[in-house]
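# Remarks on the overall topology
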Amino acid sequence: MLGVSVLALALLVSLSGRAGITATKHNLSTTGPGPIQAESEGRLCIFCHTPHHSSRSSSMLWNRQDSTETYLPYQSATLLATVDQPTGASKLCLSCHDGTVALGNLVSQPEEIGFVGGVRFMPSGGSLVDSDLRDDHPISFDYDSALAAQRADLVDPSELMGSVTVDPRGQLQCTSCHDPHNEGFGNFLVAPMIGSKLCLECHEKPDWAPSSHSTSLATWNGSGTDPWPHTDFTTLAENACQNCHSPHSAGSTAWILNHAQEEDNCLVCHDGTLAATDIQSDISAAFHHPVELTTDVHTPNEDPTFGLSEHVECSDCHEPHSTSEDAAHAAPLASPTLGRASGVDRNGSAVSPATYEYEVCFKCHGDSPMSDPPINRQLLEVNKRLQFDLSNASYHPVEGMGKNPNVPSLLSPYTETSLIYCSDCHASDRGPGAGGSGPAGPHGSVFEHILERQYNTIDGVPYDPSLYDLCFKCHSESSLRSDISFDKHKKHFEEEDAPCSACHDPHGVSDGTPSNNSHLINFDLSIVSADPNTGRLEFEDLGDNAGQCYLQCHGEDHSPESYGP
């Protein structure tokens, strides 16, 4: 009976696969249509199966010699499964596809089968996986409910209702995605890749369905380098996951990204050839977020609340699986273009996703180590989270409404109750905020500190309104020149050529007092010093937009007693 069962299984294997395989590259016989073809062997199934004398180390009447390679398994900082050496069906597939066992080296044959052109091993190309599996989708790991419970973006395998399956041991194998007997969907896949239907059977990223990378019909225009050389699709929506990922021979050994340099996966489309937002031009500006300086530093699961190594990548601000087209939103709510990016809230706690734009900024410009401050202030603080704190004496209204109930210089539509974004000041000089057609956001600018407009901080430069375009975006120059806000404004910036930054700290004043540090008063110590007569260096708020200073500026005593008419 056992012999009959084995023969029946052999017949089943032969008949079930033969019809599908005949016209595919897995037909290695003399009748095969692919580039690898036997010189004289006409039998089709023999290259994988045999009814007699099959491999004792494998099931399915396996007819190939086992590979003795030691593989480098896939690893990443976010991998929760244990991935080791290939097992089960994956090991069988690799006996051809790792390129170490001759294609004609069969268990049932005393001599190696020859192939046209002298081909012996799997040739270079997409079919050669080799023994380095770090750039391939992980295989031979336990895909169970426990793993899915740890990863909210994984479908519980008990709920898999489509074509993807795990093997009898509960492991995900090559055959979970590939059916070696059927090439109906191309590349022997068990489901179509258009719209990444195959990927989505296991992966369910939050907010992926309505995201730009899932729905956009943007089409590559054929100029420059093809962003998707590994697919036959032409639109963003059709490529879906493959816009950034490649399941085999990826450019990156983590997260199977198409390109090793993380930002290249974004800029290959956001360079003006496909996406409407040409980020590449901004990244090439003199002042930009330096995404090109670090590789393999950023990880999606990093904790932004403690001493991270200083770095920035596109995905630090934009969660690529959920980013969507910009839509109407009011400060300080995060733009939909940021997607489900993580952040740090005003209390210094990690949040995911961030609700407010400033929370995304605080990941790097809050408690994380930063470079030296651009201006040496009287009260020195580089932590922007602390500078914008609502308990401060004064701050620009990023986290909440400002404290000054009377700001006569404000231009409409701004009022004393308005809130603003970090990106209202830090943005592209060619973006919509500057009246241009470039992308919004702080990608890069011709102005230092990625400012949207010019903001002079150098003392003694002859006054020109264009030097303070950034300030005059919200504050009326005519109002400030008429001294409505403060009766010495014009004297300071127009007659004495003092920059706004000599007296005002544009973010906020931490550890200040309501009397000395209202109105963002925090002196630049390279311009202002203590009064040599009194030793005082302070501003005194007298209320009703009036105040007086005790200090030395431009080498002269500057105290109430010295004020001229």
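What you see is a predicted model; the values in this text were computed from it and never measured. (Residues numbered from 1 in each chain as written. Predicted model: local features only at pLDDT ≥ 70, side-chain atom pairs only at ≥ 80, totals over all residues. Heavy atoms only, no water.)

So, on to the pattern of salt bridges. Across all of its chains, the model carries 15 salt bridges by this definition. A salt bridge links Arg-346 to Glu-399; the shortest N-O distance between them is 3.9 Å. Of this pair, Arg-346 sits in the loop between β4 (343-344) and β5 (350-351) while Glu-399 sits in the loop between β6 (394-395) and β7 (444-445), placing them 53 residues apart in sequence. For Glu-399, a relative accessible area of 5% puts it in the buried group. Residue Arg-481 is joined to Glu-477 by a salt bridge in which the shortest nitrogen-to-oxygen separation is 3.8 Å. Taken as a pair, Arg-481 and Glu-477 lie in helix α12 (residues 477-481) at a separation of four residues, close to a single helical turn. (Salt bridge = Lys/Arg side-chain N within 4 Å of Asp/Glu carboxyl O. Helix = DSSP H or I, 4+ residues; strand = E, 2+ residues; numbered from the N terminus. Buried < 20%, exposed > 50% of the residue type's maximum accessible area, 1.4 Å probe, protein only.)

What follows is about helix α2 (residues 88-97). Buried within α2 are the following residues: Ala-89, Ser-90, Leu-92, Leu-94, Ser-95 and Cys-96. Summarising the contacts, the buried residues of α2 are in contact with α4 (174-177). With its phi angle positive at about 80°, Gly-99 sits one or two positions after the end of α2. (Contact = heavy atoms within 4.5 Å.)

Right, let's get into the packing of aromatic side chains. Any two aromatic rings considered together are summarised by their centre-to-centre distance and by the angle between their planes. All chains considered together, the criterion is met by six aromatic pairs. A centroid spacing of 5.8 Å and a plane angle of 45° characterise the contact between Phe-47 and Phe-115, whose relative ring orientation is tilted. With Phe-47 in the loop between α1 (2-21) and α2 and Phe-115 in the loop between α2 and β1 (141-142), this residue pair connects regions lying 68 residues apart in the sequence. Here Phe-47 matches Phe-115 in class, with each residue buried. (Phe/Tyr/Trp six-rings, centres within 6.5 Å; stacked < 30°, edge-to-face > 60°.)

Once that is clear, we can look at the confidence of the model for the protein. Residue-level pLDDT values for the protein average 90, and 95% of them are 70 or greater. Predicted confidence is poor over residues 1-17, with pLDDT under 50, and the contacts of this stretch with residues over four places away or in other chains come to nine contacts. (pLDDT = per-residue confidence, 0-100.)

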